[in-house]
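Spelled out, the chains give:
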Amino acid sequence: MKMKSRRNFLKLTALGTAAVITNPIIASTQQEVELTPIKSSTKPIVISTWNHGMEANEASWKILSKGGTALDAVEAGVRITESDPNNTSVGLGGLPDRDGIVTLDACIMDENNQCGAVAFLQDIENPISVARKVMEETQHVMLVGEGARQFAFEKGFKKTNLLTKKSKEQWEIWKEKSKYQPIINSENHDTIGLLAIDEKGNLSGACTTSGMAYKIHGRVGDSPIIGAGLFVDNEVGAACATGVGEAVIRIAGSAIVVELMRNGMTPNEACKEAVSRIIKKHKDLTNLQVGFIALNKNGESGAYSVFNGFNYAIRTKSKNKMIDSKYYRDR
Ligand code: ASP
């Protein structure tokens, strides 16, 4: 075991030796073990869900490559997706609920387990920045609905009509049958979840969405819920989710992925195990797409989804590229 005084240590009081031995980020079999320092070649790094992640990653990268913090990077990254009117699953232009109202959910978490969230928020283009204000300028973690909206106005956010012509037209077509039915990998872009490690090796994450299209007015999914849509533990790693939020909440998805990494799994293995728990709890998998992405403290990433078609974007010093997630079943 390396000298205990030199670096951060992870307490593993509840773990057996086998779990410790297989842990790629842990350097010893003792109960208090040292985390292997991150390789300088793997940081900074940013990963994010779906194709829209490519653009978001670039915005994050501008900050990370200049030595900026992971927190600033994750916020800047997902703001791009939120402000894109052509993206129908996040922020401006998001598909509305069954009453034709766009309601947004978002959360953010930093390396000190500080976190902020907004849910069921209307009229604000960048809910992630409101979530950050909740984190930094209040003693609370989550604000919802009208309270969140009022708070945003107090903090200087502008009122924006989020329902674009394109989304309104799609909703009008949907209304003819009015059948709520999640569609797997709809337009190949859903919630954006984005995780980053900065130059100093600190982790942060952000998650933002307009939620499931045509949901009941008032419905909130996993995306703004710390531990479900997003979780960050700076000692271990971070994870976020996309897909049917109810299924993610039922297993505390992102927190579970991080705990599985703490207990020795690689990011891929941890995401796979979380997906398998969802599969075990649902007899009918019809339209039940869920995907997780994860990043450990060493800068290793992974993903897993119920069905094929889920992908994520990864940005390192050398490249920004899409990776197809491994999955349980073909559609
Ligand atoms: N997870 C989001 C929700 O349930 C939607 C998605 O990622 O597609 O609101």
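About the cut-offs
In this numbering scheme, every chain counts its residues from 1 along its sequence in written order. Confidence filtering applies because this is a predicted model: local features only for residues at pLDDT of at least 70, side-chain atom pairs given and counted only at 80 or more, and all residues used for totals across whole chains, interfaces and linings. Remark: hydrogens and water are excluded; side-chain values derive from all non-hydrogen atoms of the structure. To qualify as a helix, a DSSP run of H or I must reach at least 4 residues; to qualify as a strand, a run of E must reach at least 2; elements of each kind are numbered from the N terminus. Only protein chains enter the accessibility calculation, which uses a 1.4 Å probe; a residue whose area is less than 20% of its type maximum is buried, one above 50% is exposed, and one in between is partly exposed. Only heavy atoms matter for contacts: two residues are in contact if any of them lie within 4.5 Å across the pair. Computed with the Shrake-Rupley method and a 1.4 Å probe, the accessible areas treat only the protein chains shown as cover for residues. Expected span, for any helix, means 1.5 Å times one less than how many residues it has. Only when DSSP finds a minimum of two bridges between them are two strands counted as paired. Note on definitions: angles span 0 to 180 degrees between N-to-C directions of axes, and those axes are lines fitted to C-alpha atoms, for helices only across the stretch in contact. Any N or O atom pair separated by 3.5 Å or less is treated as a polar contact, with the protein-specific requirement of one donor-capable and one acceptor-capable atom, and with residues adjacent in sequence counted only for side-chain atom pairs. We call a residue near a molecule or strand when any one of its heavy atoms sits within 4 Å of it. Gly counts as polar in this scheme, as do all residues outside two lists: the nonpolar Ala, Val, Leu, Ile, Met, Phe, Trp, Tyr, Cys and Pro, and the charged Asp, Glu, Lys and Arg.

## Remarks on the overall build of the protein
Part 1 of the reasoning: When helices and strands are tallied, the protein shows 9 helices and 15 strands.
Part 2 of the reasoning: Residue burial in the protein is summarised as follows: out of 331 residues, 58% are buried.
Part 3 of the reasoning: Residue pairs at least 24 apart in sequence account for 65% of intrachain contacts in the protein once pairs closer than 6 positions are excluded.
Part 4 of the reasoning: Carbon and sulfur atoms make up 50% of the accessible area of the protein, which amounts to about 14000 Å² in all.

## So, helix α2 (residues 53-64)
Part 1 of the reasoning: Taking 1.5 Å as the rise per residue, α2 with 12 residues should run 16 Å; its terminal C-alpha atoms sit 15 Å apart, in good agreement.
Part 2 of the reasoning: Residues of α2 that are buried include every one of G53, A56, N57, A59, S60, W61 and L64, and no others.
Part 3 of the reasoning: Buried positions along α2 lie against β3 (45-49), α3 (70-82), β7 (192-197), β13 (311-315) and β14 (320-324).

## Here's the deal with unusual backbone geometry
Part 1 of the reasoning: Following K43, the chain continues to P44 via a peptide bond in cis, the omega torsion being -5°.
Part 2 of the reasoning: Looking at the element boundaries, P44 is found in the loop between β2 (32-34) and β3.
Part 3 of the reasoning: Located in the positive-phi region is S178, a residue other than glycine, with phi close to 50°.
Part 4 of the reasoning: Its location among the elements puts S178 in the loop between α6 (165-177) and β7.

## A word on the pairing of strand β12 (residues 301-307)
Part 1 of the reasoning: The element β12 is largely enclosed, with a buried count of 7 among its 7 residues.
Part 2 of the reasoning: Here strand β11 (residues 290-296) runs beside β12; their pairing, made up of 5 bridges, is antiparallel. The residue bridging L295 from the neighbouring strand is S301, located in β12.
Part 3 of the reasoning: Here β11 hands over to β12 after 4 residues, with G299 in that stretch at a positive phi of 85°.
Part 4 of the reasoning: Here β12 pairs with strand β15 (residues 326-329) via 3 bridges, running parallel. Looking at the pairing, S305 lines up with Y327 of β15.

## Considerations on the sheet that holds strand β10 (residues 237-243)
The strands making up a sheet are joined through hydrogen bonds of the backbone, oriented either antiparallel or parallel.
Part 1 of the reasoning: Ordered by their spatial adjacency, 5 strands build an open sheet running β9-β10-β11-β12-β15, and the pairing between neighbours is mixed. The open sheet is flanked by β9 (230-233) and β15, the only strands paired with a single partner. With direction set aside, neighbouring strand axes in the sheet form an average angle of 10°.
Part 2 of the reasoning: The sheet contact formed by β10 and β11 spans 7 bridges and is antiparallel. Note that in β11 the partner of A239 across the bridge is A294.
Part 3 of the reasoning: Together, β9, β10 and β11 form the strand contacts of helix α8 (residues 253-262), whose direction differs from that of β10 by roughly 145°.
Part 4 of the reasoning: Its contacts with the sheet place helix α9 (residues 267-281) against β11, β12 and β15, and it is angled at close to 20° to β12.

## A few points about the side chain of T103
Part 1 of the reasoning: With respect to the helices and strands, the residue T103 is situated in the loop between α3 and β4 (104-109).
Part 2 of the reasoning: Of note is the side chain of T103, whose polar atom sits 3.0 Å from the side chain of K215.
Part 3 of the reasoning: With sequence-adjacent residues up to four places away left out, T103 is seen in contact with D97, F120, L121, Q122, T209, S210, K215 and H217.

## A short note on the environment of E55
Part 1 of the reasoning: With respect to the element layout, E55 can be found in helix α2.
Part 2 of the reasoning: Considered as a pair, E55 and T81 are 26 residues apart in the sequence and their alpha carbons are 7.8 Å apart.

## Section: the sheet that holds β14
Part 1 of the reasoning: Judged by pairing direction, the sheet is mixed, and its 8 strands sit side by side in the order β6-β5-β4-β8-β7-β3-β13-β14 without closing on themselves. Looking along the sheet, the strands with just one partner apiece sit at the ends: β6 (142-144) and β14. Each strand of the sheet is rotated relative to its neighbour by a mean of 10°, with strand direction disregarded.
Part 2 of the reasoning: Across 5 bridges, the pairing between β13 and β14 is antiparallel. Looking at β14, one finds that N311 is bridged to D324.
Part 3 of the reasoning: Against the sheet, α2 engages β3, β7, β13 and β14, with an angle of about 155° to β3.
Part 4 of the reasoning: Against the sheet, α3 touches β4, β7 and β8 (203-209), its axis set at about 155° to β7.

## Side note on the site of the ligand
Part 1 of the reasoning: Surveying the vicinity of the ligand reveals the residues D190, T191, G211, M212, R219, D222, S223, T242, G243 and G245.
Part 2 of the reasoning: Between an oxygen atom of the ligand and a side-chain N or O atom of T191, the distance comes to 2.5 Å.
Part 3 of the reasoning: Within the side chain of R219, an N or O atom sits 2.7 Å from an oxygen atom of the ligand.
Part 4 of the reasoning: Bound to the protein, the ligand loses 98% of the 270 Å² it would expose on its own.
Part 5 of the reasoning: Here the shell around the ligand is built from residues that sort into 1 nonpolar, 6 polar and 3 charged.

From the geometry alone we can't say anything about function, so treat these as descriptive.
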